Amino acid sequence: MAPVTAIIPAYNEEATIGEIISVLCQVDDIAEIIVVSDGSVDATAEVARRAGARVIELPDNMGKGGAMKVGVDHSRTGIILFLDADLIGLTCEHVNSLIFPVIHGEVKMTVGIFEKGRLATDLAQFVAPYLSGQRALEKDLLDEICDLEECRFGVEVALTKYAHDNNIAIKEVELSGMSHIMKEEKMGLARGLAARMKMYWEIAKTVGSGLKR
Ligand SMILES: O=c1ccn([C@@H]2O[C@H](COP(=O)(O)OP(=O)(O)O)[C@@H](O)[C@H]2O)c(=O)[nH]1
Ligand SMILES: O=C(O)[C@@H](COP(=O)(O)O)O[C@H]1O[C@H](CO)[C@@H](O)[C@H](O)[C@H]1O
């Protein structure tokens with residue numbers, strides 16, 4: 001069996017999820033693509049299934065961390081690749097650059113950083129690379145972090161903080177030409193900004209909570 005499971009948490013991402021899955025289908029080291037539709041009310045699940053993913057449909061929205069945890073619980077490989085469902089410009093080379101260092105035992109975790117994509121998203125990841133949702137890691141690490149499902153958008157800082165506290169090196173990988181659809185683009189300015197504030201609150205709560213092992 002190929003060593004990696006790709007897990008994509010997805011909340012109303014029918015516009016972009018299909019293309020991401022079609023790229024992942026071409027990567028040799030991916031055993032399975034699991035999309036966790038996090039209470040989506042659009043055609044995310046249907047589009048993902050048609051594109052070739054195994055789809056888990058959550059009846060209610062659990063938040064990003066919860067959706068990722070459900071995906072991990074259903075995975076059967078030792079390495080996990082997390083990707084967001086709203087990426088623009090994903091290629092097989094990007095995927096390989098995230099998973100190879102973990103497959104080859106160079107590091108236990110990689111994190112992907114957008115570069116030379118769009119100014120706004122390049123800048124956001126330059127300022128706060130530890131927020132990135134593009135990561136490959138050994139599944140064992142996830143078993144050691146409690147309450148991941150409660151973190152919602154704090155899930156990435158929880159992963160980064162765990163690695164930092166336990167002296168686990170994270171390799172930053174450049175994802176050249178990649179971007180994602182920003183909240184304000186998806187939802188409009190007012191709702192997008194409100195969602196952004198809620199996300200920052202969830203991140204701040206996770207930082208403040210002092211994660212348990
Ligand atoms: O309650 C949520 C919110 C977001 N997501 C997914 O988590 C990823 C990142 O979310 P989003 O794109 O909103 O965050 P951004 O990248 O804009 O910060 C995307 O695949 C979303 O569909 C999710 O599964 N549940
Ligand atoms: O880069 C950022 O500031 C945020 C917000 O992105 P947008 O407001 O959608 O451009 O996105 C990231 O942070 C989230 C929390 O860690 C992650 O879940 C997303 O994957 C990541 O793109």
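Residues numbered from 1 in each chain as written. Chains lettered and ligands numbered in written order. Predicted model: local features only at pLDDT ≥ 70, side-chain atom pairs only at ≥ 80, totals over all residues.

**What about the packing of helix H1 (residues 17–24) against helix H2 (residues 44–51)?**
Packed helix pairs are characterised by how far apart their axes lie and by the angle those axes make with each other.
Next up, step 1: Here H1 crosses H2 at 25°, and the two axes come no closer than 9 Å. It follows that H1 is roughly parallel to H2 by the angle criterion. Where H1 crosses over H2, the handedness of that crossing is right-handed. Counted together, Ile17, Gly18, Ile21 and Ser22 of H1 and Thr44, Val47, Ala48 and Ala51 of H2 form the full contact between these two elements.
Next up, step 2: Taken together, the residues of the contact of H1 with H2 break down into five nonpolar, three polar and no charged. (Axes fitted to C-alpha atoms, helices over the stretch in contact; angles between N-to-C directions. Helix = DSSP H or I, 4+ residues; strand = E, 2+ residues; numbered from the N terminus. Parallel < 35°, antiparallel > 145°, perpendicular 65-115°, else oblique. Left-handed = near helix turned anticlockwise from the far one by under 90°. Contact = placed C-beta atoms within 7 Å. Nonpolar A, V, L, I, M, F, W, Y, C, P; charged D, E, K, R; others polar.)

**Brief notes about the UniProt feature "domain: Glycosyltransferase 2-like" (unreviewed entry) in the protein chain**
Next up, step 1: Feature annotation in UniProt places "domain: Glycosyltransferase 2-like" (unreviewed entry) on residues 6–88, given in this structure's numbering.
Next up, step 2: Helix makes up 31% of residues 6–88 and strand 30%, and the two end C-alpha atoms of the span are 17 Å apart. (UniProt positions renumbered as here; feature names shortened; annotations may be inferred.)

**Describing the nonpolar core**
Next up, step 1: Core analysis: the largest hydrophobic core is formed by 55 residues, its most contacted members being Ala6, Ile20, Val35 and Leu81.
Next up, step 2: Per-element tally for this core: the top contributor is helix H7 (residues 155–165), with six residues.
Next up, step 3: Those residues in contact with Val35 that lie beyond four places of it in its chain are Ile8, Ala10, Ile17, Ala48, Ala53 and Val55. (Core = buried A, V, L, I, M, F, W, Y, C linked by C-beta atoms within 7 Å. Buried ≥ 20, exposed ≤ 12 C-beta atoms within 10 Å, placed from the backbone.)

**Some points on the sheet that holds strand E8 (residues 170–176)**
Next up, step 1: Strand order in the open sheet made by the seven strands is E3-E2-E1-E4-E7-E6-E8, with mixed pairing throughout. With one partner strand each, in any of the chains shown, strand E3 (54–58) and E8 form the two edges of the open sheet. Looking at each pair of strands side by side, their axes are set apart by 20° on average, direction ignored.
Next up, step 2: Across seven bridges, the pairing between strand E6 (residues 109–115) and E8 is parallel. Paired with Met109 across the bridge in E8 is Ile170.
Next up, step 3: Running over the sheet, helix H3 (residues 64–73) touches strand E1 (4–10), strand E2 (30–38), E3 and strand E4 (79–82) and is turned about 150° from E1. (Pairing = 2+ DSSP bridges.)

**Focus: the site of ligand 1**
Next up, step 1: As a structural note, the neighbourhood of ligand 1 is formed by 16 residues, with Pro9, Tyr11, Asp38, Asp84 and Ala85 the closest of them.
Next up, step 2: Every element with two or more residues in the shell around ligand 1 is listed here: E1 and H3.
Next up, step 3: In terms of residue class, the shell around ligand 1 is built from six nonpolar, four polar and six charged. (Near = placed C-beta within 6 Å.)

**Brief notes about the site of ligand 2**
Next up, step 1: Around ligand 2 sit 17 residues, and of these Ala124, Leu131, Gly133, Glu156 and Met182 come closest.
Next up, step 2: Residue composition of the shell around ligand 2, by class: seven nonpolar, five polar and five charged.

**Re H1**
Next up, step 1: Of all the positions in H1, only Ile17, Ile20, Ile21, Val23 and Leu24 are classed as buried. Taken around the axis of H1, the buried residues stretch over an arc of 160°, which confines them to a single face.
Next up, step 2: Buried residues along H1 sit in contact with E1, E2, H2, strand E5 (87–88) and helix H4 (92–103). (Arc of directions from axis to C-beta.)

**Observations regarding unusual backbone geometry**
Next up, step 1: With phi around 50°, Lys116 is a residue other than glycine that occupies positive phi space.
Next up, step 2: One non-glycine residue, Arg152, adopts positive backbone phi at about 50°.
Next up, step 3: Within the secondary structure, Arg152 is located in the loop between helix H6 (139–143) and H7.

**Structural notes on the environment of Arg152**
Next up, step 1: A count of 20 C-beta atoms within 10 Å places Arg152 in the buried class.
Next up, step 2: Separated by 48 residues in the primary sequence, Arg152 and His104 place their C-alpha atoms 30 Å from one another.
Next up, step 3: Dropping the residues within four chain positions of it, Arg152 is found in contact with Gly63, Lys64, Gly65 and Glu202.

**Topic: the confidence of the model for the protein chain**
Next up, step 1: Looking at the protein chain, pLDDT values average 95 and 98% of them are 70 or higher.
Next up, step 2: The complex model carries a pTM of 0.96, and its ipTM stands at 0.94. (pLDDT = per-residue confidence, 0-100.)

**Description of the pairing of E1**
Next up, step 1: Counting buried positions along E1 gives seven out of seven residues, so the element sits mostly inside the fold.
Next up, step 2: Burial along E1 is two-sided: Val4, Ala6, Ile8 and Ala10 facing one way and Thr5, Ile7 and Pro9 facing the other are all buried.
Next up, step 3: In this sheet, E2 lies alongside E1 in parallel orientation, the contact comprising seven bridges. Bridge pairing in E2 links Thr5 to Glu32.
Next up, step 4: For the crossover that starts at E1, traverses H1 and ends in the parallel E2, the hand is right-handed.
Next up, step 5: Two strands pair when backbone bridges link them, and E1 and E4 are joined in this way by four bridges, in the parallel orientation. By the bridge assignment, Val4 is partnered in E4 with Ile79. (Right-handed = clockwise from strand over helix to strand, strands pointing away.)

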